[in-house]
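Each chain, letter by letter, is given below.
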Amino acid sequence: MAKNDYAEGRKKHLEEYAQRKNMPIGGSWQGKGEYDHILKIEDGRTRCEVVKKYNVLEGIDCDLLTTKLHSDAHHLNSSQILCYNFFRPYIDENGGASQSLVDLLLNQGISIEQGAKCTFEYTDNLDKMEKPRDKPTEFDFHIIGSDVEVFFEIKYTENGFGDAKKDDNHKEKYELVYKPLLEKAPCLNHTPEFEEFAKLYQLYRNAIRITDKNKHLILLYPKNNTTVNKEATTFLENKIKEEYRGNIHILYWEDIVKEGELYKKYFAE
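As a starting point, this report considers the structure included with it. (Residues numbered from 1 in each chain as written. Predicted model: local features only at pLDDT ≥ 70, side-chain atom pairs only at ≥ 80, totals over all residues. Heavy atoms only, no water.)

1. Remarks on the overall build of the protein
When helices and strands are counted, the protein shows 10 helices and seven strands. Scaling as 2.2 N^0.38, a compact globule of 269 residues should have a C-alpha radius of gyration of about 18 Å, and the protein matches this with 19 Å. Taken along its principal axes, the extent of the C-alpha atoms in the protein is 50 × 45 × 35 Å. Restricting to contacts in the protein with at least 6 residues of sequence separation, those with at least 24 account for 62%. Total accessible area on the protein is roughly 13500 Å²; 44% of this is exposed by carbon and sulfur atoms. (Helix = DSSP H or I, 4+ residues; strand = E, 2+ residues; numbered from the N terminus. Rg over C-alpha atoms; globule rule 2.2 N^0.38 Å. Contact = heavy atoms within 4.5 Å. Areas by Shrake-Rupley, 256 points an atom, 1.4 Å probe, with all protein chains shown as cover.)

2. Digging into the side chain of T66
Among the structural elements, T66 can be located in the loop between α2 (47-55) and α3 (79-87). By relative accessible area, which is 15% here, T66 ends up buried. Polar side-chain contacts of T66 include one of 2.8 Å to the backbone nitrogen of K68. (Buried < 20%, exposed > 50% of the residue type's maximum accessible area, 1.4 Å probe, protein only. Polar contact = N/O pair within 3.5 Å; in protein donor to acceptor, adjacent residues only side chain to side chain.)

3. Structural notes on the state of the cysteines
By the definition in use, this model includes zero disulfides. This cysteine, C118, is not joined by any disulfide, and C83 carries the nearest cysteine sulfur, 11 Å off. (Disulfide = S-S within 2.5 Å.)

4. Regarding the pairing of strand β4 (residues 139-144)
Counting buried positions over the six residues of β4 gives five, a clear majority of the element. Pairing between strand β3 (residues 117-122) and β4: five bridges, direction antiparallel. Within β4, the residue paired with Y122 across the bridge is F139. Note: β4 against strand β5 (residues 149-154), four bridges, orientation antiparallel. Within β5, the position partnered with F141 by the bridge is F152. Remark: four residues form the turn of the hairpin made by β4 and β5, two consecutive strands paired antiparallel. (Pairing = 2+ DSSP bridges.)

So, in structure tokens, the structure goes:
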């Protein structure tokens, strides 16, 4: 896989940010090395405790931090924790959308009501199989109102959207679960064969949720992450029917985060 210059630059920035904050950096990845953009899990702490203390921004309530923490949630470049740091302040004490979140979505042409239910790491079980070898899709963030549903896919320093192994397990699930869903997905301009589906696995799994005009998918990532941006824009232009392109939104972090501690941590130069 080609080197992602954006990712390398952000990791260096996060190292410097962590050093200024006196964070315990130098954690390992897959049991190897010492990386200064990874927090150390030590002193008997759990990953969750380390994430809450150091990776969640000061002043942000950890009450909605999901127990479904990713294995890299203690990495300073974790898109899961970036998602939480951004959206948690937009959620009220009842787990509903604040007026600020209503306004943010209205700027994208999506109208939800104040108090619409918000969930981190949301699963709708649309693509669930009885066999546990392949988990159903989990969305980083999700909002459902009285008549509108919004799915969020969040990226930061990733090299792209996820693909799938071209093994027998995924071929079986494609035939039994995904192909029927792809065939009836109104937003797609064709039904992909397995090879294409596996290459664009995450994007297709997201797109099949757009079953009518009241459902929306927001792909939220840095514009400067050119590998992610190219994959998203190409998918939208080549795989989605023109009449449904208004239901899949590309939103750039740079357009909505311009100041404050979140900006200093993740996006400052």
